[in-house]
Amino acid sequence: MGKTGQMQQLTPDLTFACRKEITMVNLDLGESPMSLISWQANIGFLGMGCLGDTRLCGILGLLLHNASVDAAPEISEGLSLLQHRGQDACGIVTCGPKGRFFQCKANGMVRDVFDEKAIAKLIGGMGVGHVRYPTAGSSDHAEAQPFYVNSPYGIVLAHNGNLIDSSSLLQYMDATAHRHINTSSDSELLLNLFADNLQKTGKIRINEDDIFTAIGGLMKQCTGAYACVAMIAGFGIIAFRDPNGIRPVGMASRRTNTGRDYLFASESIVADALGFSEWEDVKPGEAVIITRSGVSKKQVAAHATFAPDIFEFVYFARPDSVLDGISVYRSRMAMGDALAVEVERVLKECGITVDVVIPVPDTSRVAALNLAQKLSLPYREALIKNRYVGRTFIMPNQQMRRKNVRRKLNAMALEFSGKNVLLVDDSIVRGTTSEEIVQMAKDVGAKKVIVASCAPPIRHSNVYGIDMPSRTELVAYERNTEEIAEAIGADLVVFQTLPDLIASVRQFNPSISTFDCSVFTGEYITGGVNEEYLHRLESLRADSVKNKVAVGQSEGSEVNGFHTRVNMVASGGPVNGADNTVGLHNTWNIS
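Residues numbered from 1 in each chain as written. Predicted model: local features only at pLDDT ≥ 70, side-chain atom pairs only at ≥ 80, totals over all residues. Heavy atoms only, no water.

A few words on the overall build of the protein chain. Within the protein chain, the regular secondary structure consists of 20 helices and 25 strands. Out of the 591 residues belonging to the protein chain, those deemed buried represent 61%. Taking all contacts inside the protein chain whose residues are at least 6 apart in sequence as the whole, residues at least 24 apart take part in 73%. Total accessible area on the protein chain is roughly 21700 Å²; 49% of this is exposed by carbon and sulfur atoms. (Helix = DSSP H or I, 4+ residues; strand = E, 2+ residues; numbered from the N terminus. Buried < 20%, exposed > 50% of the residue type's maximum accessible area, 1.4 Å probe, protein only. Contact = heavy atoms within 4.5 Å. Areas by Shrake-Rupley, 256 points an atom, 1.4 Å probe, with all protein chains shown as cover.)

Here is the structure:
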């Protein structure tokens, strides 16, 4: 990663010592060091698995005014508040005295990775954190974020979203920038694009204007969705958002005895819980730089259609967050009100009555309660969730998701037996969970099971950072409402209409005229998405492909410029070996 040689100094408010001059990237595989080239020859080309694991994730950056106080404890706490956005892996990189980076990242939940011992090793008053869930490609530790590049200046980056022009960007990295991309993540690609644009300044020390210019250059090169938090050694933290604002990120501040602390995060809940105030969304195409000297903001990309992803409000974001001025909780209340009207209409047409409204926990509870109140129906929490089992939507394969549903939920027979039940869910994706829940309801005596979805039928792939299955795996693909009901075993299915969904969210911020609704419409706001691209993407995301690569087996296919990945267990080195040794030491599980 990056170019070898002496790291340069860069200081608005801190001076940091240069790291040791590097003449070769060495990889310690447990015995003797090997050159990167010879190590690759042993296990085959590291290759690239896919469009990366940058799907729906959580990002966070923190700068404390008092540099002698470690930021890691609060970053860890903040990541736990974003755990719903990713439960597969997490990571933190902090910047300590003399600009030195300290890293800890691994597969697992925040509470498991960042124990007291791990946090104690993360020194420094500013840092960047990330949570991730598994997607197409590898799920080893090397794919965990944040990513690091040594040149220029030492940069760390965490990314939420997905680039759709990775193929041409990889070619640029290879032929023009001469930068090596070591993982299957387009987050690493994005980091190196940022680094390459900074490198063009040719300066020993850079300033805010140089950084803004570099991010502006990056935005001209990239197509897709990206909300990013970055950190430059000894300088400060940075956030920027793609010109369409598809993925969320915002900032807040907190007054202390010595000055102001600053926070970047995917959702406002982090600011609320950590005692920060004055939450402000980073604008589409905007970059924000925070140092201990102050805050600088600049619009670095030409204005484009602002189109935040509506699925954030339907499913992913916490209800107590506010995104782009819209309360997630209030938008879900409005979804319930609008869905009630549609349910009432469909039930009347079908001559069906409902005895009780039951939400599928947890996301749909708010909407289900409002729906029940509007229809004057009893509301019952009759599906009891085991909170120690993860979300099935982000389980890595279909078989695991199916088995996990009954571990996750239990149906109370008292509330189902002999009744016509209206189950309210936030959305129906593959239909796996819905089918199992419908069957559970019937197993405990429900007479009829009607399913109401707060979202319209999902018939298209998401290319902007949510790892939706391929279109053929979507239960609504090439099916009408009656066929969907048959597929999941329900007596009737009622979907929210798209205009009602948009109105439910937009009413709380009328200045937003457009939302990304591509999973419902197949219309992609950035352009650049054609049938060939979707076909290649789907071949990656298919569960069979995700679990296909065997130890030592090399796939010959290429998707969007990334070759399928060689399983690194064949090296015989530590599981964390690749990331431990390329650029930045990983302190995870080091006593």
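Next comes the rest of the write-up.
For the rest of this paragraph, the subject is the pairing of strand S12 (residues 260-265). Extensive coverage of S12 is indicated by the burial of five of its six residues. For strand S3 (residues 58-63) and S12, the ladder comprises four bridges, and the chain directions are antiparallel. Counterpart to Gly-61 in the pairing with S12 is Phe-264. Where strand S11 (residues 250-255) lies against S12, six bridges are found, and the strand directions are antiparallel. In the strand pairing of S12, Ala-252 is matched with Leu-263. Adjacent in sequence and paired antiparallel, S11 and S12 are bridged by four residues, among which Gly-259 carries a positive phi angle near 160°. (Pairing = 2+ DSSP bridges.)

So, about unusual backbone geometry. Look at the link from Gln-145 to Pro-146: it is a cis peptide, with omega at 5°. Within the secondary structure, Pro-146 is located in the loop between strand S6 (126-132) and strand S7 (147-149). In this chain, Ser-151 is followed by Pro-152 through a cis amide linkage whose omega measures 0°. Along the chain, the position of Pro-152 falls in the loop between S7 and strand S8 (155-163). Even without being a glycine, Asp-324 presents a positive backbone phi close to 50°.

Attention shifts here to the nonpolar core. By size, the foremost hydrophobic cluster in this structure holds 47 residues, and its most contacted members are Phe-311, Val-343, Leu-371, Leu-422, Val-424 and Phe-520. Mapped onto this core, the elements with two or more residues apiece are helix H9 (311-316), helix H10 (328-350), helix H11 (365-374), strand S21 (420-425), strand S22 (448-453), strand S23 (492-495), helix H16 (498-506) and helix H17 (518-521). Ranked by the residues each element gives to this core, the list is headed by H10, at seven residues. Sequence-distant contacts of Val-343, that is, excluding residues within four places in its chain, are made with Leu-371, Leu-375, Leu-422, Ala-452 and Val-494. Listed in part, the 38 residues of the second largest apolar core include Ile-211, Ile-215, Leu-218 and Cys-228. (Core = buried A, V, L, I, M, F, W, Y, C linked by side-chain atoms within 4.5 Å.)

A few words now on the sheet that holds S6. Hydrogen bonds between backbone atoms are what pair the strands of a sheet, whose relative direction is either parallel or antiparallel. Taken together, the seven strands give an open sheet; going across it, the order is S5-S4-S6-S3-S12-S11-S13, and neighbouring strands pair in antiparallel fashion. Two strands lie at the open edges of the sheet, namely strand S5 (101-107) and strand S13 (277-281), each paired on one side alone. Across the sheet, the mean angle from the axis of one strand to that of its neighbour is 10°, orientation sign disregarded. (Axes fitted to C-alpha atoms, helices over the stretch in contact; angles between N-to-C directions.)

Another aspect to go through is the environment of Glu-486. Here Glu-486 lies in helix H15 (residues 481-488). The exposure class assigned to Glu-486 is exposed, which follows from its relative accessible area of 66%. Distance from Glu-486 to Glu-435, taken between C-alpha atoms, is 9.5 Å for residues 51 residues apart in sequence.

The four strands are arranged S18-S21-S22-S23 in an open sheet whose pairing can be described as parallel. Edge positions in the sheet fall to strand S18 (356-359) and S23, since each of these pairs with one other strand and no more. Adjacent strand axes in the sheet meet at a mean angle of 25°, parallel and antiparallel pairs treated alike. The pairing of S22 with S23 spans four bridges and is parallel. Considered in S23, the bridge of Ile-450 is made with Leu-492. Contacting S22 and S23, H15 crosses the sheet at an angle of about 125° to S23.

Running from amino to carboxyl end, H10 crosses H11 at an angle of 45°, the nearest separation of the two axes being 7 Å. The pairing of H10 with H11 is recorded here as oblique in orientation. Crossing angle aside, the handedness with which H10 passes H11 is right-handed. Seen from H10, the contacting residues are Tyr-329, Arg-332, Met-333, Gly-336, Asp-337, Leu-339, Ala-340, Val-341 and Val-343; seen from H11, they are Val-366, Ala-367, Asn-370, Leu-371 and Lys-374. Its residues placed into classes, the contact of H10 with H11 shows nine nonpolar, two polar and three charged. (Parallel < 35°, antiparallel > 145°, perpendicular 65-115°, else oblique. Left-handed = near helix turned anticlockwise from the far one by under 90°. Nonpolar A, V, L, I, M, F, W, Y, C, P; charged D, E, K, R; others polar.)

Time to look at the packing of aromatic side chains. What the rule picks out here adds up to nine aromatic pairs. A centroid spacing of 6.3 Å and a plane angle of 65° characterise the contact between Tyr-226 and Phe-240, whose relative ring orientation is edge-to-face. Taken together, the residues span a long stretch of sequence, with Tyr-226 in strand S9 (residues 224-232) and Phe-240 in strand S10 (residues 236-241) at a distance of 14 residues. Both residues of the pair, Tyr-226 and Phe-240, belong to the buried class. Each ring, one from Tyr-464 and one from Tyr-524, has its centre 6.1 Å from the other, and the planes form 70°; the classification is edge-to-face. Remark: Tyr-524 occurs in the loop between H17 and helix H18 (531-541) and Tyr-464 occurs in the loop between S22 and H15; sequence separation between them is 60 residues. With respect to class, Tyr-464 is no different from Tyr-524; both count as buried. Site record: aromatic cluster; members linked through ring pairs are Phe-311, Tyr-315, Phe-316 and Phe-520. (Phe/Tyr/Trp six-rings, centres within 6.5 Å; stacked < 30°, edge-to-face > 60°.)

Let's shift gears to the pattern of salt bridges. Counted according to the given criterion, the structure contains 24 salt bridges. A salt bridge links Arg-247 to Asp-309; the nearest nitrogen and oxygen atoms lie 2.8 Å apart. Here the residue Arg-247 occupies a position in the loop between S10 and S11, and Asp-309 occupies one in the loop between strand S15 (294-299) and H9, the gap between them amounting to 62 residues. Glu-415 is the partner of Lys-419 in a salt bridge, and the nearest nitrogen-oxygen pair spans 3.5 Å. The exposure class of Lys-419 is partly exposed, given its relative accessible area of 25%. Overlapping salt bridges bring together Arg-85, Arg-247, Glu-267, Asp-309 and Glu-312 as one network. (Salt bridge = Lys/Arg side-chain N within 4 Å of Asp/Glu carboxyl O.)

A separate point is the side chain of Asp-210. Inspection of the secondary structure assignment puts Asp-210 in helix H7 (residues 208-221). The buried category is assigned to Asp-210, whose relative accessible area is 11%.

Turning next to the packing of H10 against H16. At a closest axis distance of 8 Å, the pairing of H10 and H16 adopts a crossing angle of 145°. Handedness of the H10/H16 crossing: right-handed. Note on element contacts: H16 touches H10 through Asp-500, Leu-501, Ser-504 and Val-505, opposite Ser-331, Ala-334, Met-335 and Ala-338. Residues that form the contact of H10 with H16 fall into these classes: five nonpolar, two polar and one charged.

The values are spatial; any link to function lies outside them.
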